[in-house]
Structures are given as structure tokens and as C-alpha cells.
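# Observations on chain architecture
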Amino acid sequence: MKRAGFANPWLPVLLLLPQLTIICLFFYWPAWQAVRSSFFLEDPFGFGETFVGLQNYTRLLDSTQYMKNAWFTLWFSAVVTALSLGIALLLAVKADSVLRGARTYRTLLMWVYAVAPPVAGFIALIVFNQRWGPLTEFFAQFGWEIRIRLEYFDTAFAMIVASVWKQVPVNFIFFLSGLQSIPPAVREAAMIDNRSAVSRFWTVTFPLLAPTGFFLLIINITYSLFDTFGMIDTILRNNPGDQPVTLVYQVYLDGFRGQDIGGSSAQSVVLMVLVLALTVFQFRLVERRIHYT
Amino acid sequence: MAHIPTTSDRAPAPARLLAAGRRRAPRIRWGGLVDHLVLIAGALFMLAPSLMLLQMSTIPDEQIMRTGPSFQIGDRFLPNLDKALNESMSFSGETTGRNMFRNSMILGFGFAIGKIVIAMMAAYAIVYFRLRFAMLAFWLIFTTLLLPLEVRIVPSYEITQQLGLLNTWTGLIVPLIASATATFFFRQYFLSVPEELVEAARIDGAGPIRFFLDILVPLSRTMVAAMFIIMFVYGWNQYLWPTMISTEEGRFTLVQGIKQITQGLEGGHIPEFGRSNILAILAVLPPVLVVVFFQRWFVKGLTDTDK
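Structure report, in brief. (Residues numbered from 1 in each chain as written. Chains lettered and ligands numbered in written order. Predicted model: local features only at pLDDT ≥ 70, side-chain atom pairs only at ≥ 80, totals over all residues. Heavy atoms only, no water.)

### With respect to the interface of chain A and chain B
We apply this condition: Any pair of residues with heavy atoms lying within 4.5 Å of one another is described as a contacting pair. Salt bridge, as applied in this entry: a Lys or Arg side-chain nitrogen positioned within 4 Å of an Asp or Glu carboxyl oxygen. By the criterion applied in these results, polar contacts are pairs of N or O atoms within 3.5 Å in which, for protein atoms, one can donate a hydrogen and the other can accept it, and in which residues neighboring in sequence qualify only through two side-chain atoms. By the criteria applied, helices consist of DSSP H or I runs no shorter than four residues and strands consist of E runs no shorter than two, each listed in order from the N terminus. As a working rule, the residues Ala, Val, Leu, Ile, Met, Phe, Trp, Tyr, Cys and Pro are called nonpolar, Asp, Glu, Lys and Arg charged, and the rest polar, with Gly in that last group.
Facing 90 residues of chain A, the contacting portion of chain B comprises 109 residues. The tally of links from chain A across to chain B stands at two salt bridges. D35(B) is paired through a salt bridge with K94(A); the nearest N and O atoms lie 3.1 Å apart. Linking chain A with chain B are 19 residue pairs in polar contact (both at pLDDT 80 or more), by the criterion used here. At 20 residues, the largest contribution of residues to the side of chain A that touches chain B is made by helix α1 (residues 11-37) of chain A. For the side of chain A that touches chain B, the per-class residue count stands at 64 nonpolar, 15 polar and eleven charged.

### Quick look at the environment of L276(A)
Relative to the helices and strands, L276(A) is located in helix α12 (residues 261-292). Through-space distance from the C-alpha of L276(A) to that of F226(A) is 14 Å; in sequence the pair is 50 residues apart.

### Let's talk about unusual backbone geometry
We apply this condition: Burial classes follow relative accessibility: with a 1.4 Å probe on protein chains only, a residue under 20% of its type's maximum area counts as buried, one over 50% as exposed, and anything between as partly exposed.
Here R149(A), not a glycine, exhibits a phi torsion of approximately 70°, which is positive. Within the element layout of this structure, R149(A) appears in the loop between α6 (134-140) and α7 (152-180). The phi dihedral of N167(B) falls on the positive side, at around 55°, and the residue is not glycine. For N167(B), the location among the structural elements is in the loop between α7 (153-162) and α8 (169-173). Classification of N167(B) by relative accessible area gives buried; the value is 14%.

### Some words on helix α2 (residues 55-62) of chain A
All names here are of chain A. Here is the rule: It is the directions from the helix axis to the C-beta atoms that the arc portrays.
For α2, the complete set of buried residues consists of N56, Y57 and L60. Angular distribution of buried residues about the axis of α2 spans 100°; they occupy a single face of the element. Opposite its buried face, α2 presents the exposed residues L61 and D62, each directed more than 90 degrees away.

### A closer look at the packing of aromatic side chains
The condition is simple: Pairing of aromatic side chains requires ring centres within 6.5 Å, counting the rings of Phe and Tyr and the six-membered ring of Trp. Pairs whose planes differ by under 30 degrees are stacked, by over 60 edge-to-face, and all others tilted. Geometrically, a lysine NZ or arginine CZ counts as sitting over a ring once it is within 6 Å of the ring centre and also within 35 degrees of the ring normal.
Per the counting criterion, the structure on display carries 47 aromatic pairs over all chains. Their ring planes at 80° and their centres at 5.5 Å tell us that F40(A) and F51(A) sit as a pair that is edge-to-face. Of this pair, F40(A) sits in strand β1 (residues 40-42) while F51(A) sits in strand β2 (residues 49-51); the two residues are eleven residues apart in sequence, bridging distant segments of the chain. The class for F40(A) is buried, based on a relative accessible area of 17%. On the accessibility criterion, F51(A) (60% relative accessible area) is exposed. For the pair F294(B) and W297(B), a centre-to-centre distance of 6.2 Å together with 5° between the ring planes defines the contact as stacked. Among the aromatic side chains, those forming a connected cluster through ring pairs are F6(A), Y124(B), Y128(B), F129(B), F185(B), F186(B), Y189(B), F190(B), F211(B) and F212(B). Above the ring of F40(A), the side-chain terminus of R36(A) is found at 4.6 Å from the ring centroid. Over the ring of F138(B) we find R187(B), and its NZ or CZ is 4.4 Å from the ring centre.

Now the structure itself:
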């Protein structure tokens, strides 16, 4: 707050009103509803509900489908995060070191940021088309016949490729801006001390980029959890069958298709706890970040 | 004296440097070449899918059905473009590319403007007023970061339904425009604005509304531009909420329509890849152009908000 703040009593309330109204109506109230209905079993025809305690949660733990999707979500996020961070870091380091065409490369490598996730799914369906998809043909040469939407692993593979394609640009932008904020004096000192570019990267650049990396780690996990929804929905087209889906997608499936409000709410609460954990983790990292720089 | 270096000690040094320079010169060039190759591979990885979509929209659908994408450029682009823009995907006649493009624009602009306006108002209230519950308000707004739409989608839908806002622009846009990141972003910026400014304004007799509209808002131009670019892209690309709220085909956005487009490719007749691909390109073109042309602001906005 500014020292010389205005003392008007009603104006700030009025200014805050739109934001707070929307937040209460569309954030806190629904979140509370989710927590509440996770302890109830709702009649499928809308006639009342019964309190069932933690039954909705234990049902989740007992459900092989849910555990399978939880497991998928875990390794899907891990693979997407690792690949997109790795590729983006490599590209950012190279884009930072070239003198000629740096701007062009930057543009060419970041524009995919603006592509909507469902379009990434649409592209995945084409490049993995069973009959003539370019990537299907490519992998067929190695004896791997890809059949997405039929084979569990193949579908997961297509989802990973699409997600990495979509996520590399964000990481690239952050890594590049991180690299460019390394003071020239530090670079020059490193140049003098260490002739090998590879060893310079691991001993000087990489530790300096670590805070950006930690921060991106959280961003990427959140991305793989939530922002892949549209991509998955486009690939599976409402018809998941026994194909891989993330936990977020399952909330939607159970809540809207299955009409299992209690179960879907319990899943929402699980995800809220997950986001809370990630956020707390991120804040602790941010605190440490200040020490670094 | 032993410590004075002799000429014989010193002599090899320049020679060594020279030799090293000679040896290293080609290696540096190779390294540079590798850098470029890596970057070109990366750029192709990003670009190839969209070039493929474009190529497919220039050849007849029958050919795609048989052989898929190729390197051949045909003459079907304009007829396909016309079909994508003017012909509806469904019986209602409302899901034309033109119509969906307009709806996407409404969503993109409504979302971005709405977010910026209410975030600036909230940040102004928190920073510039002696307000007892300022901290509480700030935390209430900030904690919404913990509640992404996906985890509260079912009850949010129910509330919107109870308010009678399904299939309205209000129902589509308003629930989305609360924004912790934008509020935080403007709060940080307002805090960095010199204190003297508000003092001077007060001495000159400007009230809070006058100060906000005539001084603070014009001062925040760059911030607003950066935020607008990010939020326009974000709003244009919304998928889940429009899918839930806008079920009337007249309100479909392009991004939302992608699923219908994909489903259309599954029919028994010849899948219309030419038209679908153009619709997909149309769905990414405006946000991509915004990001490319306003790159500097965009990068600034992105790296400033998320940090």
C-alpha cells in the first residue's frame, strides 16, 4: 500500500466488487460445493442425497480404472516435463549462442505457444493417421505399427508428442530470457577461466539457470495436468474406451458423462490438494531463488 | 634472480596461443554449424505440422484419402477456403468458419478486456487506498490460483446454469475473467510507480478517480499492452468452458469447433480434410500473428507475470 493512499471509504470497495463477486460466485462457491458433495452420494435422478462420509474417496482408491489413470497421469507428466524442458534448454542455449539469425530462430521456435491445445490434438490425429500419417509411416519403417485410439501405448505416445510440441516454446521463451539475463561480466569471466564450452555450460550457465528450471518444472507439471485437456478430448472424441486419460479428464468424464457427482467431486478435491502442494512447493523455491540471484 | 622469467620461458607463449588459435579456428566453425543445425531441426519440428496442414488444404480430398500429405501443391486452396468460411459443418447452418471466427474474436477481446479492467480496478484499490481489508482481498484473489477451472468445472457449470447464463456471452466470458495473475501483475507495477506522483496529483486537487483515469492508466500503457496480448491468446484458446456453456451452434468458437471438425472427418463419405485443415489454421492464425508481431511485449508480459 502507498503511504499517501486515498482515504475514500467506499470507492475501493466498489473497485474490488467485480473481481470479488466473480471470485466468490465462480471460484469459492463451486470449490466449496465440490468439497461438500465429495462427502455425499447424489441420487442420479436428482432426488436428494445421502451423507456417505469418506466413501467417495475410498471408492477412488479401490477403482482400478482410477488408479490406472493416476499412474498414467504421473508418468505422462514426468515424460512431457522432462522432454519439453530438455529440448527447450538445448534450443535456448543454441539460440543464445548464434550470432546470425537469432531473431528469426526465436520467432520460429516460439510461435507454437499461441496454438490451442485442441489444434495440437487435431494435428496429432493427422500425423498419426493409421493409413498415411507421416509419423505412422516413419515408425513403420522400424517395425512399429502405430494405431492410436486403439492401442493404449500408441495413444499415449501421440499425446506425449503433441504435448511436447506444444510445450517446448514456453520453456524456450523462459530459458532464453534467463540466459540473456546472465550478466556479460560473468560470461566473460567464465570464458577466461574455462575454455571448454561444454564444461562452461555445466559449471556456470546451468547453475545460473537452475532457478528458472525449478520454476518451469512446476509450470510444466501444471500444464501436463490441466492444459492437455483439449488435446486429449480432441484425440479421444468423447470415446475414451480403455485409452489413457489424465485425472483431469476423468473428472469431466465422471461428472458430465457418468453423472457421478460424488465421485467426480472427490476427484476434484484430490486435484485441489495436488495443486496446493505444487503451489506451496513453488513458493518455497521462489523464496530460495531470491538467495540465488 | 631466479624469479625473473627468462626469454626462453616467455617465448613459447605467443606461439602456443597462435597454434591453439589455428587449431581452434575450424572447431569454432564446426560448433557454429552444429548450433545452426540444431536450431533448424527445432524450427522444422515446430513448423512442419502447420506446413503439412497447409499443403493438405491445396489438394483434393480424394487424393488425401488415398495417399495423405505429400509435397505436391495443388489448386484447391481457394475453393477450400471458401468452403471453410461460408459452408456450415452442421445442419443448423451456423457453424461456418466466418461465424466461428467472429465468436472467437468476441471471446478473445471480451476475455482480455474484461480481465484487464477488473484486475486494474482491484489492484488500484489494493495499492492506493487505506483499506482495512486490503490484505484479505489480496489473498482472496491470490488464492484462486489454487482453483483452476478444471477442478471446479461441474459445480461452476451448475452455478452458471442456475443463474440462467448458459448460451449467453455473459455466461461464457464473465466467469473466466477473474484473474489472480493479472491483478498481481498490476499490483506489482503500481507499487513501482513513484509515490510522488500521487502526492503531486493530490496537491493539484485530483481525486482518486481522476488520478486513476488521467495518470495511472496512461502510465500503464505498456503493461496493459503486454497483458492484453497474453490474455487475448489465452481467451481465444479457451476450450473447456465454451464447450460446456455454449451448446448452441451459433455460439461455437473455432477452437471449440475443432472437435466437431474432427468428428466430421469420421463419416462414411470422403473426409473433408481440405476444409477442416483450413478451419484449424484459422483457429491458430490470429493468436499466432499477435504473438509474432508483438513479440517483445508478449515475452515481457509472459516472463513478468509468471515470475
